[in-house]
Structure formats: structure tokens, C-alpha cells
Amino acid sequence: MDSAQLQSWMKKRAKQDDQLYERFGRPLESTHQGEFVAISDDGRTIVGSNELAVASQAIQQFGRGSFALRRIGAPAEAHWRRILE
């Protein structure tokens, strides 16, 4: 994958991650504020307080590049936005 293809994939993935969070992550804000959530492309979730543990479990269960990872209740990571601009 060349850099243009990677950039395109990252933009598409960021948009998909936002949509996944809105649909499946936002409802968790009242009960899991500040924790981490991994959301698979088909809506399955893993929630926990340790980002690395949640990410590792998501890779095992969902596969690399097929899930969104966010801190519940926090805005999307700014560094992703800078990469995509």
C-alpha cells in the first residue's frame, strides 16, 4: 500500500470509527465514562479500564484494522485528526 492509499484508508477508517462510536459507544457514556471501548465493525464491544488490554483483546477477537478504539466520553484523539488533514 503506497502512502496515498494509506491516507485514503485512514480517512475512511476514521469516518467509520466515528460512526461506530456514535451508534455503539455513546450509549455507554452514562455507565463507563473514562473507560476504553473497542467496537468491531459489526457492533460488538469490549470495555475496560486498561487501553492496552482492551486493544489486545480486540485484535484477538476482531482482527487488526477492524475495530474502533476510543476512550468513552472523550473526543476523538486529536493526533488522528492531524494525520488526516
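Residues numbered from 1 in each chain as written. Predicted model: local features only at pLDDT ≥ 70, side-chain atom pairs only at ≥ 80, totals over all residues. Heavy atoms only, no water.

Residue-level account of the overall build of the protein, with values.
Looking only at helices and strands, the protein features 4 helices and 3 strands. The order of α-helices and β-strands along the protein, N terminus first, is α-α-β-β-α-β-α. Residues counted as buried form 31% of the 85 residues belonging to the protein. Summing over all exposed atoms, the protein offers an accessible surface of approximately 5600 Å²; the carbon and sulfur share of this is 50%. (Helix = DSSP H or I, 4+ residues; strand = E, 2+ residues; numbered from the N terminus. Buried < 20%, exposed > 50% of the residue type's maximum accessible area, 1.4 Å probe, protein only. Areas by Shrake-Rupley, 256 points an atom, 1.4 Å probe, with all protein chains shown as cover.)

Quick one: what's the story with the environment of Ala68, residue by residue and with numbers?
Mapped onto the secondary structure, Ala68 falls in strand S3 (residues 67-71). Taking the C-alpha atoms as reference points, Ala68 and Ile39, 29 residues apart in sequence, are found 5.1 Å from one another. Those residues in contact with Ala68 that sit more than four places away from it in its chain are Arg13, Asp17, Leu20, Val37, Ala38 and Ile39. (Contact = heavy atoms within 4.5 Å.)

For a nonpolar patch on the surface, give the residues involved together with the corresponding values.
Judged by side-chain polarity, Met1, Leu6 and Trp9 come together as a nonpolar surface patch covering roughly 340 Å² of accessible area. Structurally, Met1 can be placed in the segment before helix H1 (3-25). (Patch = residues over 30% accessible without salt bridge, like charges linked within 9 Å, V, L, I, M, F, W, Y side chains within 5 Å. Salt bridge = Lys/Arg side-chain N within 4 Å of Asp/Glu carboxyl O.)

I'd like a description of the pattern of salt bridges, backed by residues and values.
Applying the stated criterion across every chain yields a total of 6 salt bridges. Here Arg13 makes a salt bridge to Asp41, at a shortest N to O gap of 2.7 Å. Here Asp41 lies in the loop between strand S1 (36-40) and strand S2 (45-48) and Arg13 lies in helix H1, a separation of 28 residues in the sequence. With a closest N to O distance of 2.9 Å, Glu29 and Arg26 form a salt bridge. Under the relative-accessibility criterion, Arg26 is labelled partly exposed at 36%. Salt bridges here are not isolated pairs; linked through shared partners, they connect Arg13, Asp17 and Asp41.

Read these as layout, nothing more, since geometry by itself doesn't imply function.
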